Amino acid sequence: MIGTLIIIVVAVAVLAVALGGIALTRSRRRSGGATAAPPSAPTTAPTKPPPQATPAAPVATPPATPPAEREAPAEPEAEPLGAPPSYRSRLGGVRGLFSGAVAALRAGRIDETTWESLEEALIRADVGVTTTGVLLDELRAKVQTKEISGGDDLLQALGTSIRQLLDSVGSRALRFDGRADHPDVWLFVGVNGVGKTTTIGKLARRQSAAGQSVLLAAGDTFRAAAADQLAMWAERTGTDIVRGAEGADPSAIVFDAVQRAAARKNDLVLADTAGRLHTKVNLVEELKKIRRIADRDPGNVTEVLLVLDATTGQNGLTQARQFADAVDVTGVVLTKLDGTAKGGIVIAVERELFVPVKLVGLGEGPDDLVDFDSEAFVDALLAVD
Ligand code: GDP
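Structural notes, computed from the coordinates. (Residues numbered from 1 in each chain as written. Predicted model: local features only at pLDDT ≥ 70, side-chain atom pairs only at ≥ 80, totals over all residues. Heavy atoms only, no water.)

A closer look at the site of the ligand
- Close contacts around the ligand come from 18 residues, with Gly-193, Lys-196, Thr-197, Thr-198 and Glu-364 the closest.
- Thr-197 is positioned with one of its side-chain polar atoms (N or O) 2.5 Å from an oxygen atom of the ligand.
- Look at the ligand: alone it shows 590 Å² of surface, and the protein chains cover 81% of it.
- Broken down by element, the residue count for the shell around the ligand peaks at 4 residues, all from helix α10 (residues 196–209).
- Looking at the shell around the ligand residue by residue, the classes come out as 3 nonpolar, 9 polar and 6 charged. (Near = heavy atom within 4 Å. Polar contact = N/O pair within 3.5 Å; in protein donor to acceptor, adjacent residues only side chain to side chain. Areas by Shrake-Rupley, 256 points an atom, 1.4 Å probe, with all protein chains shown as cover. Helix = DSSP H or I, 4+ residues; strand = E, 2+ residues; numbered from the N terminus. Nonpolar A, V, L, I, M, F, W, Y, C, P; charged D, E, K, R; others polar.)

Concerning the packing of helix α8 (residues 129–144) against helix α15 (residues 345–353)
- Between α8 and α15, the shortest axis-to-axis distance is 9 Å and the interhelical angle comes to 90°. Considering their axes alone, α8 and α15 lie roughly perpendicular with respect to each other. Contacts from Thr-130, Thr-131 and Val-134 of α8 reach α15 at Ile-347, Ala-348, Arg-351 and Glu-352.
- Within the contact of α8 with α15, the residues separate by chemical class into 3 nonpolar, 2 polar and 2 charged. (Axes fitted to C-alpha atoms, helices over the stretch in contact; angles between N-to-C directions. Parallel < 35°, antiparallel > 145°, perpendicular 65-115°, else oblique. Contact = heavy atoms within 4.5 Å.)

Some words on the side chain of Asp-368
- Inspection of the secondary structure assignment puts Asp-368 in the loop between β7 (357–361) and β8 (369–371).
- A distance of 3.5 Å separates a polar side-chain atom of Asp-368 from the backbone nitrogen of Glu-364.
- Setting aside residues up to four positions removed in sequence, Asp-368 forms contacts with Pro-85, Arg-90, Lys-202, Val-360, Gly-361, Leu-362 and Gly-363.

Focus: the sheet that holds β8
- The mixed open sheet is built from 8 strands, whose spatial order is β3-β2-β4-β1-β5-β6-β7-β8. Of all strands in the sheet, those with a lone pairing partner are β3 (240–242) and β8, marking the two edges. On average, adjacent strands in this sheet sit at an angle of 25° to one another, irrespective of strand direction.
- Across 3 bridges, the pairing between strand β2 (residues 214–217) and β3 is parallel. Opposite Ala-217, over in β3, you have Val-242 as the bridge partner.
- The strands that helix α14 (residues 314–326) touches are β1 (184–189) and β5 (300–309); relative to β5, the one it contacts most, it runs at about 160°. (Pairing = 2+ DSSP bridges.)

Observations regarding the pattern of salt bridges
- Within this structure, the stated rule accounts for 19 salt bridges.
- With a closest N to O distance of 3.8 Å, Asp-379 and Arg-163 form a salt bridge. Separated by 216 residues along the polypeptide, Asp-379 in helix α16 (residues 374–381) and Arg-163 in helix α9 (residues 151–167) bring together distant segments of the chain.
- Take Asp-379: its relative accessible area is 45%, and that puts it in the partly exposed class.
- Overlapping salt bridges bring together Arg-163, Glu-375 and Asp-379 as one network. (Salt bridge = Lys/Arg side-chain N within 4 Å of Asp/Glu carboxyl O. Buried < 20%, exposed > 50% of the residue type's maximum accessible area, 1.4 Å probe, protein only.)

Observations concerning the nonpolar core
- Among the nonpolar cores identified, the biggest contains 67 residues, and Leu-139 and Phe-377 are the most heavily contacted of them.
- Looking at which element gives the most residues to this core, the answer is α9, with 7 residues.
- Counting residues domain by domain, this core receives three or more from each of domain 1 (87–166) and domain 2 (184–329).
- If near-sequence neighbours (up to four positions away) are discounted, Leu-139 is found in contact with Trp-115, Leu-118, Ile-148, Leu-154, Ala-157, Leu-158 and Ser-161.
- In terms of nonpolar packing, the next biggest core, distinct from the first, is built from 22 residues, Trp-186, Val-194, Leu-216 and Ile-241 among them. (Core = buried A, V, L, I, M, F, W, Y, C linked by side-chain atoms within 4.5 Å. Domains from an automatic or database assignment.)

Some points on the packing of α8 against α9
- At their nearest, the axes of α8 and α9 sit 10 Å apart, and the two run at 130° to each other. One way to sum up the angle between α8 and α9 is to call them oblique. Considering how the two elements wind past one another, α8 and α9 form a crossing that is right-handed. Note on element contacts: α9 touches α8 through Leu-154, Ala-157, Leu-158, Ser-161, Ile-162, Gln-164 and Leu-165, opposite Thr-131, Leu-135, Glu-138, Leu-139, Lys-142 and Val-143. (Left-handed = near helix turned anticlockwise from the far one by under 90°.)

Below, the structure written as structure tokens:
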């Protein structure tokens, strides 16, 4: 009897332990189900922020800085100047064009073929038909008077003629008066895309390095991008900039720039202009107005620089005439002479407009702007190596 009782108690105990174990396993499975599998997964997923909505946005897009703050960097700090490029290293297109004719000249006698190959080379180099004619007539006359007898002499005489022609147009120095409280203003004119903005950026760097305090005027209001591009150069060169909205009156911007420059005792205002206009106002009239306003006291316009793209060749000359008629151009900046440009356009521009090429662009970099050096240019033009 007692034995039976003990067996029953043991059996109940075993049964209780077994039931407890099953219950425990079930409860563990239930709690582990939330991480391992659905159904909870679809409900938790949407609460997780999507990748693009992560709170990185406020960091990536800082609150817009007011233009006025951007315009006046607290501590202007320009990049250090690099070494200026040399004509020899950059005038690839020019050199290649002449080398054939020059090699033939060096070979010896002067005959009709000599004149033909020389004429072809000059015209191909964008010297232009008229200027080529003038140069060759001069050389023919020297051959007739026996001043020139062989190819080598002819080559030398050609170099001399080109140099004389180039050097007869007056000083290539950029005029800077530096009168107290009367900032010098250099205006840049030319069609879109020739390199005005880039040239202003390069010059801002150069003049600042020379100790002048420069202010930029974003007078090309035809494209918003032009002012943005100039603002980038201002930042890069540590210079101040005055800009307006797209379509704003460029004369008003130049006026403000001159006033600000005088108030802040800046030495030089570099003013960009557009090659096209928003309004129906004639471009010629607009440029005249800008110049007039820039020159109004305290402003002092000392340069009106026509920027020409050397790669446009003779078309550039047509543009040059139009701008020279509109404003009194004091000098030419010939850009992109490093590329496929046939630099003979320098000769044509100077002879036909009688305006000196003062600066030459030899690349897109901040230091790729050099003073035009007729000696080095003619050497590169007539080199055979
Ligand atoms: P803008 O419309 O007259 O102000 O012309 P930009 O200054 O915007 O220049 C137009 C393009 O010409 C840009 O891509 C410049 O980097 C490029 N550029 C300007 N000057 C030179 C130069 O001397 N050499 C070369 N290779 N490119 C230049």
